[in-house]
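What follows is the residue order along each chain.
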Amino acid sequence: IPTEAPEKKETEKVLPGGKKIINGIVYDADGKPCRTCNDMSALFALGGKKKRSAALPPALPKDCPPDVAQLGRSSWTLLHSITATYPENPAPALQNETSAFLRTFGKLYPCWVCAEDFQEWMKVNTPRVSSRSEFGQWMCEAHNAVNVKLGKKEFDCGKWEERWRTGWKD
Ligand code: FAD
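For clarity, every value in this text was computed on a predicted model and none was experimentally measured.

Draft legend 1. The sheet that holds strand 2 (residues 20–22), seen in detail. In space, the 3 strands of this open sheet follow the order 1-2-3, with antiparallel pairing throughout. Taken across any chain shown, the strands that pair with only one partner, and hence form the sheet edges, are strand 1 (12–14) and strand 3 (25–27). For this sheet, the mean angle separating the axes of adjacent strands, direction not counted, is 15 degrees. One ladder, built from 3 bridges, connects strand 2 with strand 3; its direction is antiparallel. From the neighbouring strand, I21 faces strand 3, where its bridge partner is V26.

Next comes the structure, spelled out in structure tokens:
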């Protein structure tokens with residue numbers, strides 16, 4: 001896996017703080033590829049190694065630091081599970097704390113490119129935390145916004161509770 005930005009730059013986007021996106025790879029301000037912002041297969045390909053096939057077992061041991069996809073799956077599991085255990089009628093104080101948590105989460109999310117987009121999305125899609133069903137629906141919409149951005153299929157938000165709380169109906 002390369003540790004520095006490549007010499008040949010087909011596309012380059014320079015961002016505040018010295019961060020860059022070159023040929024689709026996200027680099028931190030220190031010029032090194034951001035581990036939690038990139039897919040490991042893209043980093044392998046960058047290093048001249050063959051892109052890993054989805055059919056093959058992961059090339060890295062399970063106890064390696066996460067890439068963007070591993071981090072994302074774990075994070076969505078946490079976020080949707082929080083909505084699944086959220087009260088049906090939360091007290092006003094909990095609603096405020098939940099909104100504050102989401103703002104902080106949006107700032108601290110370890111993939112900074114993802115975090116910036118998530119913060120922007122939340123500016124126009126203010127968290128809806130007045131009940132479990134509202135919060136679960138909002139989180140599903142948040143996840144779908146990322147799915148769309150990544151060219152993935154949207155999830156049917158009418159099924160968020162089956163996926164994350166009750167289990168699938170027979
Ligand atoms: P995931 O998208 O991680 O989904 C996990 C499971 O959740 C799915 O198998 C499905 O059962 C269920 N699911 C899918 N959609 C929904 C939904 N709408 N509602 C409820 N359940 C659903 N990655 C990037 O490359 N670029 C980004 O900018 C980026 N931004 C992110 C922002 C946030 C806040 C988070 C938490 C993650 C972000 N990710 C980003 C990671 C990305 O969303 C995926 O987690 C990652 O690509 C792995 O995808 P996956 O196909 O394994 O399933």
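Draft legend 2. Highlighting the state of the cysteines. Considering all chains together, one arrives at 3 disulfides under this definition. Through a disulfide, C34 is tied to C37; the S-S separation comes to 2.2 Å. Here the S-S torsion is close to 60 degrees, and the disulfide linking C34 with C37 is therefore right-handed. For the residue pair C34 and C37, the accessibility class agrees, reading buried in each case.

Draft legend 3. Molecular detail of the environment of P33. Positionally, P33 belongs in the loop between strand 3 and helix 1 (40–46). For P33 and I21, which are 12 residues apart along the polypeptide, the C-alpha to C-alpha distance reads 9.2 Å.

Rules used in this analysis
- Residues numbered from 1 in each chain as written.
- Predicted model: local features only at pLDDT ≥ 70, side-chain atom pairs only at ≥ 80, totals over all residues.
- Heavy atoms only, no water.
- Pairing = 2+ DSSP bridges.
- Helix = DSSP H or I, 4+ residues; strand = E, 2+ residues; numbered from the N terminus.
- Axes fitted to C-alpha atoms, helices over the stretch in contact; angles between N-to-C directions.
- Disulfide = S-S within 2.5 Å.
- Buried < 20%, exposed > 50% of the residue type's maximum accessible area, 1.4 Å probe, protein only.

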